[in-house]
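# Fold and contact review
Here's the letter readout for the chains.
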Amino acid sequence: MKVFRKQRQQLAADNNVIKYLRYAIGEILLVVIGILIALQVNNWNQDYKNARQELFYLQKLQENIAEDTSLFKERINEINEAQEALKTIAMEMRNPSLKSFSIDISGPLTYTYGISLENATWKNLMSTGKIDLIENKNLVDTLYSYYNHFSNNGNAQNQAVIDYTRNTVGPFLMKFDDISFLIQSKSIIHYLGKTQQKSPYEYGKNVFIRNTIRLRYSFLSYLKSFYKSDNKRASHLIHELSQEIQKSQ
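Computed from a predicted model, the values in this text were never measured in an experiment. (Residues numbered from 1 in each chain as written. Predicted model: local features only at pLDDT ≥ 70, side-chain atom pairs only at ≥ 80, totals over all residues. Heavy atoms only, no water.)

### A few points about the overall build of the chain
Regarding its fold elements, the chain presents 8 helices and 0 strands. Beginning at the N terminus, the succession of helices and strands in the chain can be written as α-α-α-α-α-α-α-α. With 249 residues in all, the chain has 34% of them scored as buried. The long-range share in the chain, meaning contacts at least 24 apart out of those at least 6 apart in sequence, stands at 80%. (Helix = DSSP H or I, 4+ residues; strand = E, 2+ residues; numbered from the N terminus. Buried < 20%, exposed > 50% of the residue type's maximum accessible area, 1.4 Å probe, protein only. Contact = heavy atoms within 4.5 Å.)

In structure tokens:
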């Protein structure tokens with residue numbers, strides 16, 4: 001800047017207007033070019049920060065959805081076990097010689113198999129507006145479809161099972177017989193006697209219980225089908241996220 005100042009002063013002292021104007025224009029151009037370079041460097045720096053943030057969120061989403069797939073598989077296995085137990089209950093109810101069921105019937109008749117997706121990263125992206133960091137908009141649409149589909153359908157299906165179990169099946173079974181829930185306390189058994197006083201055949205005579213088993217089996221089949229479908233959706237998303245992560249690294 002001292003060099004430029006001396007040059008400007010020299011041109012002004014020489015009273016050379018044309019040279020002075022040329023110099024002034026050149027100096028203005030240098031300033032403009034400097035500003036443009038600074039802006040470009042700032043843009044590059046911001047783009048780099050955005051890219052690092054995008055990579056971080058893509059990796060977190062992949063981790064979250066991988067946890068979802070593990071939970072889907074776990075629930076599907078639990079439902080398979082419950083359905084096998086319902087078949088056993090239905091079969092033993094037709095046997096008049098049995099004094100008691102061979103399994104604990106409270107689980108297959110009253111348990112629910114809901115799922116809560118690991119959606120902390122997705123919620124953060126949506127609430128803060130940082131979803132715009134993900135440049136692949138097709139991927140954003142797929143993510144939105146995944147979370148929205150489960151929220152609208154999975155939760156509704158789970159709630160239907162929960163409501164029917166808590167409001168209809170549970171109260172009836174509590175009145176119908178002494179049934180066991182989880183691990184029995186020896187002291188409680190001592191004071192109240194052993195559970196499940198009625199034989200399987202007595203259960204089979206009750207139309208409500210027969211229909212409950214049919215309905216439970218149907219509910220669980222639908223829920224299992226839903227979980228299988230969403231597990232495939234989640235696996236596909238993990239693959240898409242992996243491809244996007246590779247591009248971003």
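### What to know about helix 5 (residues 137-176)
For an α-helix, the turn length of 3.6 residues means that residues three or four places apart are oriented alike. For helix 5, built from 40 residues, the straight-helix expectation of 58 Å at 1.5 Å per residue is met to within 8% by its first-to-last C-alpha distance of 56 Å. Where helix 5 bends most, at T165, the angle is about 40 degrees. (Expected span 1.5 Å × (residues − 1). Bend = angle between axes of the 7 residues up to and from the residue.)

### Some points on a nonpolar patch on the surface
A cluster of nonpolar side chains, I25, L29, I33, I37, V41 and W44, forms an exposed patch at the surface whose accessible area comes to about 610 Å². Of note, I37 is situated in helix 2 (residues 17-92). (Patch = residues over 30% accessible without salt bridge, like charges linked within 9 Å, V, L, I, M, F, W, Y side chains within 5 Å. Areas by Shrake-Rupley, 256 points an atom, 1.4 Å probe, with all protein chains shown as cover. Salt bridge = Lys/Arg side-chain N within 4 Å of Asp/Glu carboxyl O.)

### Examining the confidence of the model for the chain
Interpretation of this model should avoid reading the predicted coordinates in detail wherever pLDDT is low. Mean pLDDT over the chain: 84, with 82% of residues reaching 70 or higher. The element-level mean pLDDT for the chain is lowest in helix 1 (residues 2-14), coming to 53, with helix 7 (residues 200-205) highest at 94. (pLDDT = per-residue confidence, 0-100.)

### What to know about the side chain of E54
Counting through the fold element by element, E54 comes out in helix 2. Lacking a salt bridge, the buried E54 has K137 as its closest oppositely charged neighbour, with an N-O distance of 7.7 Å. When neighbours within four sequence positions are excluded, E54 is seen to be in contact with L133, I134, E135 and S248. (Lys, Arg positive; Asp, Glu negative; His and termini not counted.)

### A few points about helix 4 (residues 120-128)
Looking at helix 4, one finds that the buried residues are T121, W122 and L125. On an axial view of helix 4, the arc spanned by its buried residues comes to 100 degrees, and they lie on one face. Counted as exposed and oriented over 90 degrees from the buried face of helix 4: K123 and S127. Just downstream of helix 4, G129 is the residue with a positive phi angle, here 80 degrees. (Arc of directions from axis to C-beta.)

### Focus on the pattern of salt bridges
Where charged atoms from two side chains of opposite charge come close, those side chains can pair. In the structure shown here, the tally under the stated rule is 6 salt bridges. Between E78 and R75 there is a salt bridge, and its shortest N-O distance comes to 3.3 Å. Here R75 and E78 lie together in helix 2, a separation of 3 residues that amounts to about one turn. The class for E78 is partly exposed, based on a relative accessible area of 26%. Note on R75: relative accessible area 17%, which makes it buried. We note a salt bridge from E84 to K87, for which the minimum N-O separation is 3.3 Å. Taken together, the residues E84 and K87, both in helix 2 and 3 residues apart, mark about one turn of the helix. Taking relative accessible area as the criterion, K87 reaches 41% and is therefore assigned partly exposed. A single network of salt bridges, built from pairs that share partners, joins E74, R75 and E78.

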